[in-house]
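Single-letter residue listing:
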Amino acid sequence: MAEAAHEGVRLVPESPEAVRTDQESPEAAQAPPEDGAAADGGRTLSLPIAGDLAGLRRLARRFLEPEVLDEMREKNFILAVSEAANNVLDHAGTGGTIILRRDADRIVAEIRDRAGLLTDAEAGMTPPPVGSRRGYGLWLMRQMCDGVEILHDPAGSTVRLTILRA
C-alpha cells in the first residue's frame, strides 16, 4: 500500500481525551500509525475524511481484521462507514473524522463533521419514496448496523454506527 494511504491515520488509546486530542490537533492527524491497544483490550483508530473513500474502507477493514465477524456483517459495516463518510463530503462541505473503536462487546464508528447540518435524530428511519434518486444512505446504514445514532452539538454532527460482536 502506498505511503500516502497512511497519512493522517493514528491509532490512539481508548479514551475520550485521546479521541478529542486527535480531532483537534492537525499535528496529531499527520502522525504515523501507532499501536493504540489499551489495557482493557479496546482500541481506537482516528481517520480524517478527505475524499479517499477507498483508502478509508481499506484502513477500516484492516482495523477489523482481528475481529471474528461474519463476512456479510463486516462488509455491511464497512459499507455503512463509507456511506457516512461520503455523506460528510457530499452534504457537509467540510472535512470530518472517523473514529473507530472496539471493545469486548462491540465495534463503533463515529463519523463526525464540523458543519452540523444533520440535526434530525430520526433521519433514515423510513425508506425514501419509491423512485427517489437520493436519500437512501441513512436508511441503509440503519439496515446494515445493529445501532445508528445521530447526534448534534455545537461542534458539528455525528453519526454513530454500532455492530455487535458475534
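Up top is the structure these notes are about.
Now for a look at the structure at hand. (Residues numbered from 1 in each chain as written. Predicted model: local features only at pLDDT ≥ 70, side-chain atom pairs only at ≥ 80, totals over all residues. Heavy atoms only, no water.)

1. Quick notes on the packing of aromatic side chains
Moving on, step 1. With the rule as written, the count across this model stands at zero aromatic pairs.
Moving on, step 2. Positioned above the aromatic ring of Phe63 is the side chain of Arg102, whose terminal nitrogen or guanidinium carbon lies 4.8 Å from the ring centre. (Phe/Tyr/Trp six-rings, centres within 6.5 Å; stacked < 30°, edge-to-face > 60°. Lys NZ or Arg CZ within 6 Å of the ring centre and 35° of its normal.)

2. Quick notes on the packing of helix H3 (residues 53-64) against helix H4 (residues 71-92)
Moving on, step 1. Contact geometry of H3 with H4 gives a least axis separation of 10 Å together with a crossing angle of 145°. Taken as a pair, H3 and H4 cross one another with a handedness that is right-handed. For the pair formed by H3 and H4, the contact residues are Leu53, Leu56, Arg57, Ala60, Arg61 and Leu64 on the first element and Glu74, Phe77, Ile78, Ser82, Ala85, Asn86 and Leu89 on the second.
Moving on, step 2. The class makeup of the residues in the contact of H3 with H4 is eight nonpolar, two polar and three charged. (Axes fitted to C-alpha atoms, helices over the stretch in contact; angles between N-to-C directions. Helix = DSSP H or I, 4+ residues; strand = E, 2+ residues; numbered from the N terminus. Left-handed = near helix turned anticlockwise from the far one by under 90°. Contact = heavy atoms within 4.5 Å. Nonpolar A, V, L, I, M, F, W, Y, C, P; charged D, E, K, R; others polar.)

3. Some details on the nonpolar core
Moving on, step 1. If you look at the biggest cluster of nonpolar residues, it comprises 33 residues, and the most contacted ones within it are Phe77, Ile98, Leu100, Ile111, Met141 and Leu161.
Moving on, step 2. Counting only elements with at least two residues in this core, the list comes to strand S2 (43-49), H3, H4, strand S3 (96-102), strand S4 (106-113), helix H5 (137-144), strand S5 (147-153) and strand S6 (156-164).
Moving on, step 3. Here this core takes eight residues from H4, the largest share from any one element.
Moving on, step 4. Here Ile111 is in contact with Ile49, Val81, Ala84, Ala85, Val88, Thr97, Ile98, Ser157, Thr158, Val159 and Leu161, once residues within four sequence places are set aside. (Core = buried A, V, L, I, M, F, W, Y, C linked by side-chain atoms within 4.5 Å. Buried < 20%, exposed > 50% of the residue type's maximum accessible area, 1.4 Å probe, protein only.)

4. Remarks on the pattern of salt bridges
Moving on, step 1. In this structure the tally under the stated criterion is eight salt bridges.
Moving on, step 2. A salt bridge links Glu74 to Arg61; the shortest N-O distance between them is 3.8 Å. Of the two residues, Glu74 sits in helix H4 while Arg61 sits in helix H3, which places them 13 residues apart along the sequence.
Moving on, step 3. Here Arg101 ties to Glu110 by a salt bridge, and the two come within 3.3 Å at their closest N and O atoms.
Moving on, step 4. Among the ionic contacts, a cluster of salt bridges with common partners joins Arg101, Glu110, Arg112, Glu149 and Arg160. (Salt bridge = Lys/Arg side-chain N within 4 Å of Asp/Glu carboxyl O.)

5. What to know about the side chain of Asp113
Moving on, step 1. Tracing the sequence through the fold places Asp113 in strand S4.
Moving on, step 2. With no salt bridge to any partner, buried Asp113 finds its closest opposite charge in Arg114, at an N-O distance of 7.9 Å.
Moving on, step 3. Among the polar contacts listed, one links the side chain of Asp113 to the backbone nitrogen of Ala115, at a separation of 2.9 Å.
Moving on, step 4. A distance of 2.8 Å separates a polar side-chain atom of Asp113 from the backbone nitrogen of Gly116.
Moving on, step 5. When neighbours within four sequence positions are excluded, Asp113 is seen to be in contact with Val88, Ala92, Thr94, Gly95, Gly96, Ala155, Gly156 and Ser157. (Lys, Arg positive; Asp, Glu negative; His and termini not counted. Polar contact = N/O pair within 3.5 Å; in protein donor to acceptor, adjacent residues only side chain to side chain.)

6. Focus on H4
Moving on, step 1. An ideal rise of 1.5 Å per residue puts 32 Å on 22 residues; H4 measures up with 31 Å between its terminal C-alpha atoms.
Moving on, step 2. Residues Glu74, Phe77, Ile78, Ala80, Val81, Ser82, Ala84, Ala85, Asn87, Val88 and Ala92 constitute the buried set of H4.
Moving on, step 3. In the core, the buried residues of H4 are packed alongside S2, H3, S3, S4, H5 and S6.
Moving on, step 4. The N-capping residue of H4, defined by a side-chain oxygen 2.9 Å from the backbone nitrogen of Met72, is Asp70.
Moving on, step 5. Count one or two residues on from H4 and you reach Gly93, which has phi positive near 70°. (Expected span 1.5 Å × (residues − 1).)

7. Thoughts on the packing of H4 against H5
Moving on, step 1. At a closest axis distance of 9 Å, the pairing of H4 and H5 adopts a crossing angle of 155°. Between H4 and H5, the crossing angle belongs to the class labelled roughly antiparallel. Note that H4 runs across H5; the crossing there is left-handed. Counting all contacts with H4, which are made through Asn76, Leu79, Ala80, Glu83, Ala84 and Asn87, the residues of H5 involved are Gly137, Met141 and Met144.
Moving on, step 2. Residues of the contact of H4 with H5, tallied by class, amount to five nonpolar, three polar and one charged. (Parallel < 35°, antiparallel > 145°, perpendicular 65-115°, else oblique.)

So far we have only geometry, and geometry alone does not tell us how the molecule works.
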